[in-house]
Structures are given as C-alpha cells and as structure tokens.
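Analysis of the macromolecular model
Residue-level listing of the chains:
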Amino acid sequence: MIVLRRARFISSGRIYRSGDVLPDSAIARSLAEKGFAEVINDTQTAKSAKKSKAETAQQNDTVNS
C-alpha cells in the first residue's frame, strides 16, 4: 500500500490528497523514492495492532492488581 504524504497528485483524472492510498504503479513508486509518498506493508500494521491490544490488557492487569 502506498500512502501519499503532504502533497497532491493527479492521475487518470483523479486528484489524490495527503493521506489517500495510491494505486501501485511505477509513478507511485517514484513518488515514494522522492519522499512524497510512503510504502506501508499491510501485514506489519495488522501485527502491530494486535500487539498493542495485548500490551494494553497487560497494563490494565498491573494497574488493577
């Protein structure tokens, strides 16, 4: 997944604004190399979300004990 950062991009008659997900293409990859977009891996974000929920539960257990 490629997310646009702090910029606007026009492709195929569509305007992408910051925070929008870009289609995976050569142009989007070049924007990521220049720093206008960021490549985000879906599997890493899902794993980190699950981990943070587990950490929150542990923190609540220590506070309630």
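I will try to describe carefully the structure that is included in this document. Because the structure is predicted, anything quoted here is derived from the model rather than measured.

The next thing to look at is the sheet that holds strand β1 (residues 2-4). The three strands are arranged β4-β1-β5 in an open sheet whose pairing can be described as antiparallel. This sheet does not close on itself; its edge strands, each paired only once, are β4 (21-22) and β5 (37-39). Contacting β1, β4 and β5, helix α1 (residues 26-34) crosses the sheet at an angle of about 100 degrees to β5.

Moving on, we come to the nonpolar core. Counting eight residues, the largest nonpolar core consists of I2, L4, F9, Y16, L22, A28, L31 and A37. When contributions to this core are tallied by element, the ones reaching two or more residues are β1 and α1. Among residues more than four places away in sequence, those in contact with A37 are I2, V3, L4, R5, L22, L31 and A32.

Applying the stated criterion across every chain, the model contains one salt bridge. Where D24 meets R29, a salt bridge forms, and the shortest distance between an N and an O atom there is 3.1 Å. Accessibility expressed as a relative area gives 58% for D24, which makes it exposed.

With that out of the way, let us pick up unusual backbone geometry. You will see that R6, though not glycine, has its phi angle at about 35 degrees, which is positive. In this fold, R6 is placed in the loop between β1 and β2 (9-11). What makes R6 exposed here is its relative accessible area of 73%. In the Ramachandran plot, S12 falls in the positive-phi region, its phi being about 55 degrees despite a non-glycine side chain. Within the element layout of this structure, S12 appears in the loop between β2 and β3 (14-16).

The rules we used
Residues numbered from 1 in each chain as written. Predicted model: local features only at pLDDT ≥ 70, side-chain atom pairs only at ≥ 80, totals over all residues. Heavy atoms only, no water. Pairing = 2+ DSSP bridges. Helix = DSSP H or I, 4+ residues; strand = E, 2+ residues; numbered from the N terminus. Contact = heavy atoms within 4.5 Å. Axes fitted to C-alpha atoms, helices over the stretch in contact; angles between N-to-C directions. Core = buried A, V, L, I, M, F, W, Y, C linked by side-chain atoms within 4.5 Å. Buried < 20%, exposed > 50% of the residue type's maximum accessible area, 1.4 Å probe, protein only. Salt bridge = Lys/Arg side-chain N within 4 Å of Asp/Glu carboxyl O.

Take it as geometry only, folks, not as evidence of what the structure does.
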